[in-house]
Amino acid sequence: MHKLTTLVFGLVLILVRCAAYGAELEAPPAALDGLVGTDAVVRISVGKRELFSFSPGAFEKGWKGIGASASKDKPTDARQHFTIHTSSGAAINGSLEVGTDAPGATQFSYEFTPSADVELNSLHVSIDFPAAVLAGGKWTADDKSGDFPQELKEVALTAGPVQKLSATLPSGAVLSFAFAEATPVLLQDNRKWGPTFCIRIGPQGDGKQFKKGEAVKFGFALSVKPGLKMSIDSPVVLVAGPDWIPLNLDQEIEAGSALDFSKFGFQDAPAGKHGRVIATADGQFAYEDSPKVGQRFYGINLCFTAQFLPHEQSDQLADRLVKLGYNAVRIHHYERELTTGQAVSTALNPEKLDQLDYLIAAFKKRGIYVTTDLFVSRPVKWKDIGIDKPDTVPMDTFKILVPVVPAAYDNWKAFTKALLEHVNPYTKVSYAEEPSIAWLSMINEGNFGNFAGALRDVPEWKTAWNAWLVKKFAARDALAKQWGAELKENEDPAAGTVALPDNIYAGGARVASSLLFFGELDREMVVKMKAFLRDELKCKALITNSNAWTHYLPSQIGRQEYDYVDDHFYVDHPQFIEKPWQLPSRCDNSSPIASGATGGRSCAFTRYYGKPFTITEFNYSAPGRYRGVGGILTGALASLQGWSGVWRFAYSHNRDNLFKPSTLGYFDMATDPLGQAAERATLCLFVRGDMKPATESTELTIDTAALNALDKMPNLSPKWNWAAWVERVGTRLADKKQDQALAANVSAGSLLSVKPGTTDIEVRKDAPGAGKSDPSKNIFQSQTRELLIDGGADTMVLDTPKTAGGFAPAGKTVETADHRVVIGMQGVEATVWLSALDDKPLTESGRVLVTHLTDLQNTEIHYAEKACKTLQAWGKLPHLVRAGKAEVKFKRADAATLKVWALSTSGKRIFEVAAKSDDGTLTFTADVAERAAEFGAHYCYEIGH
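In this text the structure is predicted, and so the values were computed from the model without any measurement. Within each chain, residues carry numbers counting from 1 in the order of the written sequence. The predicted nature of this model means local features are confined to residues of pLDDT at least 70 and side-chain atom pairs, given and counted, to a pLDDT of 80 or more, with totals for whole chains, interfaces and linings taken over all residues. Derived side-chain values reflect all non-hydrogen atoms in the structure, with water molecules and hydrogen atoms excluded from consideration.

## Brief notes about the nonpolar core
As used in this record, nonpolar core signifies buried Ala, Val, Leu, Ile, Met, Phe, Trp, Tyr and Cys residues forming a set joined through side-chain atoms within 4.5 Å. For the exposure calls, accessible area comes from a 1.4 Å probe over protein chains only, and a residue counts as buried if that area is under 20% of its type's maximum, exposed if over 50%, partly exposed in between. Core analysis: the largest hydrophobic core is formed by 191 residues, its most contacted members being Leu 321, Phe 363, Trp 412, Trp 461, Tyr 651, Trp 725 and Met 796. If you look at the next biggest cluster of nonpolar residues, it comprises 53 residues, including Ile 66, Phe 177, Phe 197 and Phe 218.

## Structural notes on the sheet that holds strand E49 (residues 847-853)
Read across the sheet, nine strands follow the order E42-E43-E44-E45-E48-E49-E59-E55-E56 without closing on themselves; strand pairing throughout is antiparallel. Strands with a single pairing partner mark the edges of an open sheet, and in this sheet they are strand E42 (779-781) and strand E56 (909-913). Recorded for the sheet is a direction-independent mean angle of 15° between the axes of neighbouring strands. A strand pair is defined by DSSP finding two or more bridges across the two strands. Only runs of H or I of at least four residues qualify as helices and only runs of E of at least two qualify as strands under DSSP, and these elements are numbered from the N terminus. Across four bridges, the pairing between strand E55 (residues 899-903) and E56 is antiparallel. What sits directly across from Trp 901, in E56, is Glu 912. Helix axes are fitted to C-alpha atoms over the stretch in contact, other axes to C-alpha atoms as well, and angles between N-to-C directions run from 0 to 180 degrees.

## Some details on the confidence of the model for the protein chain
Here the protein chain averages 92 in pLDDT, and 96% of its residues register 70 or above. One number per residue, pLDDT, summarises how confident the predictor is, and it ranges from 0 to 100. Contacts are assigned to residue pairs that have any heavy atoms within 4.5 Å of one another. This stretch, residues 1-28, has a pLDDT under 50; its non-local contacts, to residues over four places away or in other chains, come to 57 contacts.

## Considerations on the pattern of salt bridges
We define a salt bridge as a contact between a side-chain nitrogen of Lys or Arg and a carboxyl oxygen of Asp or Glu at a distance within 4 Å. What the rule picks out here adds up to 42 salt bridges. Linking Arg 43 and Asp 39 is a salt bridge whose minimum nitrogen-to-oxygen distance equals 4.0 Å. Each member of the pair, Arg 43 as well as Asp 39, carries the same accessibility label: buried. The partner of Arg 820 in a salt bridge is Asp 818, and the shortest N-O contact between them spans 3.0 Å. Arg 820 gets classed as buried once you look at its relative accessible area, which sits at 9%. By relative accessible area, which is 42% here, Asp 818 ends up partly exposed. A single network of salt bridges, built from pairs that share partners, joins Asp 39, Arg 43 and Glu 50.

## Some words on the packing of helix H9 (residues 459-473) against helix H10 (residues 476-483)
It is at 8 Å that the axes of H9 and H10 come closest, and there the two elements cross at 95°. Classified by the interaxial angle, the pair formed by H9 and H10 is roughly perpendicular. Together, Trp 465, Leu 469 and Phe 473 of H9 and Ala 478, Leu 479, Gln 482 and Trp 483 of H10 make up the contact between the two elements. Each angle receives one of four descriptions, namely roughly parallel if under 35 degrees, roughly antiparallel if over 145, roughly perpendicular if within 65 to 115, and oblique otherwise.

## What to know about the packing of helix H3 (residues 311-324) against helix H5 (residues 350-365)
Angle between the axes and distance between the axes are the two parameters that describe a pair of packed helices. Closest axis-to-axis distance for the H3/H5 pair is 9 Å, and the angle between their directions is 30°. The angle between H3 and H5 falls in the class roughly parallel. In the crossing of H3 with H5, the sense of the turn from one axis to the other is right-handed. Of the residues in H5, those in contact with His 311, Ser 314, Asp 315, Leu 317, Ala 318 and Leu 321 of H3 are Asp 354, Tyr 358, Leu 359, Ala 362 and Phe 363. Each crossing gets its hand from how the near helix is turned against the far one by less than a right angle, where anticlockwise is left-handed and clockwise is right-handed.

## Some words on unusual backbone geometry
That bond from Ala 622 to Pro 623 is cis: its omega, 5°, falls within 30 degrees of zero. By the element assignment, Pro 623 lies in the loop between strand E35 (613-620) and helix H13 (627-641). Here the phi dihedral of Ala 474 falls at roughly 65°; this positive angle occurs in a residue that is not glycine. Inspection of the secondary structure assignment puts Ala 474 in the loop between H9 and H10. Look at Ala 474 and you get exposed, because its relative accessible area is 69%. You will see that Ala 597, though not glycine, has its phi angle at about 50°, which is positive. Here Ala 597 lies in the loop between strand E34 (585-586) and E35.

## As for the state of the cysteines
Cysteine sulfur atoms that pair up within 2.5 Å are treated as a disulfide. Under the counting rule described, the total for this entry stands at zero disulfides. Between Cys 303, a cysteine without a disulfide, and Cys 603, which holds the nearest cysteine sulfur, the sulfur-to-sulfur distance is 18 Å. The thiol sulfur of Cys 684 is not disulfide-bonded, and the nearest other cysteine sulfur, from Cys 940, lies at 12 Å. For Cys 684, a relative accessible area of 0% gives the class buried.

## Some points on the side chain of Asp 522
For Asp 522, the position within the fold is in helix H11 (residues 509-536). In this count, Lys and Arg are taken as positive residues and Asp and Glu as negative ones, while His and the chain termini are left out. Of the side chains with opposite charge, Arg 559 lies nearest to the buried Asp 522, which makes no salt bridge, at 6.4 Å. Polar contacts, as used here, are pairs of N or O atoms within 3.5 Å; protein pairs need one atom able to donate a hydrogen and one able to accept it. Residues neighboring in sequence count only if both atoms are side-chain atoms. Polar contacts involving the side chain of Asp 522 include one to the side chain of Asn 545, which spans 2.9 Å. Setting aside anything within four residues of it in sequence, one finds Asp 522 in contact with Phe 448, Asn 545, Ser 546, Gly 558, Arg 559 and Tyr 562.

Next up, the structure:
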């Protein structure tokens, strides 16, 4: 049995895309398309969807997986060259040659040559399939055969040297591999770790020795029914030209312009004038003096040096954020700078503290509320927590020490006390009493399940775990009855000898118990922290915890004690190929609409009904080209769900890019004009309330009694999380006995119904107003009818009275139900929408903003392939905007009197755009490249008189 190490974000991407494959492969596809990447990864696609891929790689001792990257010094021959970097420092230099020597088949020949002696468990080519592609299919390996099961049974399906191998997909497609000589092959069901199957080809065995300079060679001929068309990829470097137009960036917003959102009054200055932000019984934020009026907050993250500024720059930044429309900020990754140069990790640097004080005062003055975390990445010396070691505690290690090591908890308390009892000289109020500091997270992304493997190395965790088991089961016999054979003979909680699971994704009774333990320990820790804040520090800020990644049903146990619930999500988050946070990196860079707009859907079930819900980190990250639609999708989801707060990650990580144009990076809006433009739709939809919340709801009720008896713990987010696009969803713990630990309950007018005998949900086709939703085709229409996502057509339509438009590929059109807004995309895919800039609907508004987003990149940004998935160099300024056009038709009674102006990034009108009026419809063409020689690229327009 082989352990698979999977990158978190790679797993997320697989999860995101699996739902789409079933519909795509219902019938045998046409000939498949194969693309050989410059990193020697071969991707096989059907239509626009990647079906499976095969990649060179290795497993080190301990089954740590290593992928390949394109060789930096690439020989000039017909092969694709790659390198596998091992942790020992040895590089394995490899190559792939693709040919068609075999009749009707494609030959793949691999060669691996170590630069030094290295010990590995496997050196291979791994062919990886999303489970939905193979489950229900069949395999044959020489004289052996079997099924790819619908549910996980055994991990290893077959292993050993073979000369012929075939895999028959449920769709009818057949993959046939022929080897010139018997070659080691492993067929493995990886669903113990993630939703995939793999075929691993090449030498395998624990601790196998590979000698310096001795080439390992193997290959296979692949034939595909109904056919395979192969092509070779090539690198891409983007430069200015007809397809990419330079942008003249002005970071400041012109007062009174169409881009000045201060006119909407999203800020009610000064922050805190209405008393504290409170959590209401119906799960909303409100002010103390008006508890029945719900409040929404939309903000940005500031990270590292971006929040430590000279006073005049703090004022400049705060003024800019008001014009951009934000009414909240998250102070994040602030502690390193705040404690720099201090003798102990809990002391605050006076100079840095003064800068933070002034910044928070500047935000308060302008009506901007603040949230932060009481531990993010503060460097804590081992000696500060009583451990005689040099250097500092790793960030994630400190997170897991706090609940079980008293000295770590005391360190957390000491820093919290120093911070919150500090009186800001610019507001005359302590941070604890400051009403504009409205929300506090105890530990950022500290979900214990995130670090399940590391917990086993902390003795105090084993002690706490065994103490919990003793309390829970009283006697070993009771534990043995619950766990069965999973409890080993030498394990006894009374003796402190029961081990934590090494893999919480493996399922089973031990894992189920550990997840209950995590949930109850989180509750215990937060209750203690909350009492410290309330009773000792007199702090009334709303508190939360456990805000990212690993969520199972017991995760809601601790959330019962939170004042509000928080989560994080990303789409196209970078995956680092060689070293963390260093190039090259990779992102999926495929249309989120085509895959059913999965970003944030699972987070909707983290919500605990009766408590406000927030997302304090989200991004559709750069350089992914779908950033323009991503922010809008999040605003639409938050609006439909009736969430209370959303924060974009991030505005800036660095003070240097706040006040001068800088190159695009992964996350920062300050360097991403396209991402910043997308924020305006989010603000209109969510904060202004252009999109209505769904009136109906579906609730997952978790029975606490049944939860304690489970031997397999379900994820918090169900497989039907697509329901978040249809109506409101969330979870709740209950004490009422049920037949199952989890029951789905739908409101009386719900468009959904529960499949008999399951917790699965389906769309009620006969429900009044059921609309066009068809999950099998990735089509989702909100219960409000204001949003339609059509994955098959790769289109999205927004249709609200004040904001309307959508996303579509080139040659397709989006239009509202009453045809008042019709937009046809020309040249390239784009996101285009209209928003009224006053309190009137679009058809009556005196001023309308039109935004046309294609893509934005850096000059000379370097990708390894044409699909622009593997980033190799960021490039330089200026930003380049992808040329594209969109014909906008806007039905208005006064169409004949309207004018259209192109806008600079500051909102200044730069030229009038030709427009015509015909029978009450204004028509004009949004063209990124129009008059580019004079003004550069543009993507915003103003319609008015």
